[in-house]
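Structure at a glance
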Amino acid sequence: MADAVVSVVAEGIKLLGDYILQQAKSLSGVSYQVRLAQVELHLMRGFLKDADSRSGEDEVVRIWVELIRDAAYDLEDVIESFALKLAYRRRGGTVKIALKRFACIFSEGVDLHKIGSEIEDIMTTLSHLRSSLQSYNIRQVSGGESVASAFKRQRDRRLTYAHEVESYIVGLEENTKRLVKELLRDGKRHRVVSIWGMGGSGKTTLAKQVFLQNEVKRHFDCFAWVCISQQWEGKDVLEEILIKLTSPATEKRKEISKMKKDEIAREVCSIQREKRCLVVLDDIWTQEAWNSIKAGFPINEETESRILLTSRKKEVALLASRNDYLHQPQPLNDMQSWELFEKIAICGSDKTDLQIYAKKRELGEKMLIHCSGLPLAISVLAGLLSRRETVDEWNTVLGNVNVYIMRGTNVLEREKTSQECGVSGVLALSYDDLPSHLKLCFLYLAQYPEDHEIQVTRLTQLWIAEGFIPSTSEIHGSIELMEDVSYGCLTELVQRSMVQVGKYGFSGKVKSCRLHDLMRDLCLQKAKEENFLGIVNFSVGPVSYATLIGKVRRLALYLDRNVKYEFSSKDGRDCHIRSLLYFAPGEFNQKWNKRIIRSVFNDFNLIRVLKFENICREFELPKTIGNLVHLRFLSLKNSRFRSLPSSVSNLVLLQTLDLRGKYLEDGSCFGIEWDRDTKIRNVFWNMEQLRHLYLPRWYSVRGKLSFARLFNLQTLDNVSIEKCDLNDLVHLSNLKKLRIRPLRSRRAGRTTLKDDQIKILEKLPKLRVLDLDGLSFESETLVFSQGGFPHLEFLTLGWLDDFKEWRVEKEAMPSLQRLRIERCEELRAVPDGLQEITTLKELTIDRMPSRFCSRVGEGGEDCYKIKHVPSLIIDGTRVPSSSYGHQELTVDAPPPDEETEEIRVASPPNVLS
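Notes on the structure in this doc start here. (Residues numbered from 1 in each chain as written. Predicted model: local features only at pLDDT ≥ 70, side-chain atom pairs only at ≥ 80, totals over all residues. Heavy atoms only, no water.)

Moving on: the overall build of the protein. What the protein contains, in helices and strands, is 32 helices and 31 strands. The burial tally for the protein puts 57% of its 913 residues in the buried class. For the protein, the proportion of contacts with a sequence separation of at least 24, taken over those separated by at least 6, is 68%. (Helix = DSSP H or I, 4+ residues; strand = E, 2+ residues; numbered from the N terminus. Buried < 20%, exposed > 50% of the residue type's maximum accessible area, 1.4 Å probe, protein only. Contact = heavy atoms within 4.5 Å.)

So this is what it looks like as structure tokens:
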């Protein structure tokens, strides 16, 4: 993990150091030292790959790695503090202008010598650490070797054997029958049946059950069970398969050992052509492993031989099976969990004492909640309790059940047996296998409370702001957006069975995700070991920053409406916080004094990420918010701030700015939005790094907002025509999501969208989501021109006045997938052009006049225009008509809004140091 940290720090230093060097010759001394530091960090990275993999087994190496990580952070702090001092001394303009005017600032007292000395001290520390490498026998290794030693240590412990039968099997009967049926299915084409899922989900156990079935034994002529794991050699795997399929004599074995890999592969393949062979490839981790051995199988040939494969990674299972058959074991239900638990934990106990049995069952059911249906976790817990006979001993385990499940037994017992008996060791294999940047992304999930539904759009924005995702120029010459790369990191964690999907969107993309409880425990454990982040949990009582140990860079605060918030400003003033994330209940309405509010926006000068959401009590944002010039991400979503200070214009590094308010009802925190407008100033014009801008629903502004220079903008939400010039949007070639709304309600005056403005919108080259809400039109006819909106996928037309006719010309919206028409009371019919849009999958009609609904219903005048659409929804009800190819679809939340993130703290973790 230190390797990933050093990589991120080195890249950040490079960007700032290069820019400073370009600005003034008077900075050349500092810039030279920055470059030397950058080189030193890159040299360290090669050694850190080896050291990271050994830190779990060698305490001295672990400390060495920590020192390297902290030194890298210190270097980052010094250089960014230097930039901050420059920004404080500027006289108007932007941070960039401040840097250009450094010669003037220097004369005002910025001490270059002091900055240089601090960098030099850190360089000396790094140099001494590198010189001590030989003492610890740490080698410089390539990326492929980074965790090799760790995998080698665990290989023997993870080997599986077909003859080892599990003592207790529960809940596999139906899955076993299904897989056996697939293996024995008639047909001559070679088939691969794959089982994939997270560690401990029962993949190997299920494969063994299938392998040992009598009908399987009768059907196939010869068998081979091979455990591949992370440390594999293609030749060795093929050799083992050949030996198991042929059971050769000693002399023949010697001959096989001398054969070349291609010769062995040819022999293995030939046998599977001639006979019915079943080969089980257990625990295959990588595509490279499969590609290394696939020459030994008669793929795409006529044969009745089969492969049964297990993997933690979906991509590997898909690659091998070519979609022949893919199976994912599901968690055990409550009844199955208790059945497995009881067989192991109480099998040797005396059940005749019904009172004791009832008490143990009560305790057992409480503990099983923490297993979340994971067979491995249930077996580990039950195995521990089987050696504890009294109710008092069971109560002891209940008191710290998560630790017992993860470790399996206490530390002393584990040291005696040299075995990782618990779930932690199994799940940690998946963590160890992650490349360094994915380790950062995974550990970042530790900040979220238990059972929290994580919105993927927001998560990917945070990863980018933290610097975990490389800029577009570095992706092998590709122009792929960082958001796409970030989403790819999320899907890879899903593919690796480390993150679970919450909801899929209409287009098949993951909209929300979550962590399995035990995977979250691992995430918290690793985050604590790496000093990656701190959690301050106010639901357990008042706490302070003093409870955190060391230089914590990321801090998550769990607020509680019943506990007074006392996060002292003096505790945070000199800290090194880069990320501050508040998780508040949806109705958090606690009154804070001005000192607390000031501390949030004053005391964290190096902060990059600030998530200050769901604060319902009205407050003023201090003008000093403009001093937080390192901010990349700022979300005040659902927080009741009165106005946006003009100093926000200083935040030129912002990538995401979320100012959306919560809806109120009768002055509470739900329903209609705040009763007073939020005051917004024209502060966005210089934020050239801005990628996502969410404005409040109701706001007032002097003059007009300018967006013309926001070339990187992808999301623009709640923009008002009255207060901006839509001609600015011509320059936003990267805009993907756009919502246009009036500033106030329809009763307070209507906004008019002109015909030429529609033409501006339909020419936006990347626009994917468009929401037109509460507008009036220059004419009664709305025209989407030929070829307009070439990439539009989701369109919402809502509360539109004076909108009687809608014309969709040929080849307009050729990519449209979902259309929503809501409360457009004057609209007479759906346009003829819809019948030409073959990509349209869902049409939603909501709160429209009955005459309109009748036209689109079965037998209606407009039915023919939309009969090709698979799903029609009228007022929340899917129309079950034969006129439509009705099918169940999982749809996105109304774009471009993301669902509100609210904290749901259940059995929250202790304060993390």
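Before going further, it helps to examine the nonpolar core. Counting residues in each nonpolar core, the largest one holds 102 residues, and the members touching the most others are F612, F684, F707, W806 and I821. Tallying contributions element by element places helix α29 (residues 594-602) first for this core, with four residues. Ignoring anything within four residues of it in the chain, the contact list for F612 reads Y582, W592, I597, V600, F601, F619, S635, L636, K637 and S639. Formed by 79 residues, the second largest nonpolar core is a distinct cluster that contains L363, V401, V423 and L434. (Core = buried A, V, L, I, M, F, W, Y, C linked by side-chain atoms within 4.5 Å.)

The next subject is the side chain of S201. Structurally, S201 can be placed in the loop between β1 (191-196) and α10 (203-211). In this structure S201 comes out as buried when scored by relative accessible area, which is 10%. Polar contacts involving the side chain of S201 include one to the main-chain carbonyl oxygen of M198, which spans 2.7 Å. Apart from residues lying up to four places away in sequence, S201 is in contact with P329, L374 and P375. (Polar contact = N/O pair within 3.5 Å; in protein donor to acceptor, adjacent residues only side chain to side chain.)

Okay, the pairing of strand β29 (residues 842-846) next. Among the five residues of β29, five are classified as buried, and the element is accordingly described as predominantly covered. Both faces of β29 are covered, namely the face carrying E842, T844 and D846 and the face carrying L843 and I845. Where strand β28 (residues 818-822) meets β29, five bridges bridge the pair, whose relative direction is parallel. Note on β29: the bridge partner recorded for R820 is T844. (Pairing = 2+ DSSP bridges.)

Following both chains from N to C, one finds helix α17 (residues 334-345) and helix α19 (residues 375-385) inclined at 30°, their axes separated by 8 Å at the closest point. You can see that α17 and α19 cross each other, and the crossing is right-handed. Residue-level inspection shows S337, L340, F341, I344 and A345 of α17 in contact with α19, the latter providing P375, I378, S379, L381, A382, G383 and L385. Classifying every residue of the contact of α17 with α19 by side-chain character gives nine nonpolar, three polar and no charged. (Axes fitted to C-alpha atoms, helices over the stretch in contact; angles between N-to-C directions. Left-handed = near helix turned anticlockwise from the far one by under 90°. Nonpolar A, V, L, I, M, F, W, Y, C, P; charged D, E, K, R; others polar.)

Attention now moves to the sheet that holds β1. Pairing is parallel across the open sheet formed by five strands, whose spatial order is β2-β3-β4-β1-β5. Across the chains shown, the open sheet's two edge strands, defined by having one partner strand only, are β2 (222-229) and β5 (325-327). Along the sheet, successive strands turn relative to each other by an average axial angle of 15°, direction set aside. Relative to strand β3 (residues 277-284), β2 is paired through seven bridges, and the arrangement is parallel. The residue of β3 that forms the bridge with C227 is D282. The strands that helix α12 (residues 234-246) touches are β2 and β3; relative to β2, the one it contacts most, it runs at about 155°.

In this section: the sheet that holds strand β8 (residues 510-514). With antiparallel pairing, the three strands of this open sheet are ordered in space as β6-β8-β7. Two strands bound the open sheet, and with one partner strand each, they are β6 (454-455) and β7 (500-504).

Right, let's talk about the pairing of strand β11 (residues 579-583) for a bit. Extensive coverage of β11 is indicated by the burial of five of its five residues. Neither face of β11 is exposed, since S579, L581 and F583 on one face and L580 and Y582 on the opposite face are all buried. Relative to β11, strand β10 (residues 554-558) runs parallel, the two being bridged by five bridges. Of the residues in β11, the one forming a bridge with L555 is L580.

Turning our attention to helix α25 (residues 456-466). When you tally the buried positions in α25, you get 10 out of 11 residues, the bulk of the element. Residues of α25 that are buried: V456, R458, L459, T460, Q461, L462, W463, I464, A465 and E466. Remark: G467 follows α25 within two positions and exhibits a positive phi of approximately 90°.

Once that is clear, we can look at the pattern of salt bridges. For the structure shown, the criterion picks out 41 salt bridges. In this structure, R820 and D846 form a salt bridge, with 2.9 Å as the shortest nitrogen-oxygen distance. Of the two residues, R820 is situated in strand β28 and D846 in strand β29; the sequence distance between them amounts to 26 residues. Looking at R820, the relative accessible area reads 26%, which means it is partly exposed. Accessibility expressed as a relative area gives 15% for D846, which makes it buried. For the salt bridge of K865 with D832, the shortest nitrogen-to-oxygen distance reads 3.1 Å. Here the residue K865 occupies a position in helix α32 (residues 863-866), and D832 occupies one in the loop between β28 and β29, the gap between them amounting to 33 residues. What makes D832 partly exposed here is its relative accessible area of 46%. (Salt bridge = Lys/Arg side-chain N within 4 Å of Asp/Glu carboxyl O.)

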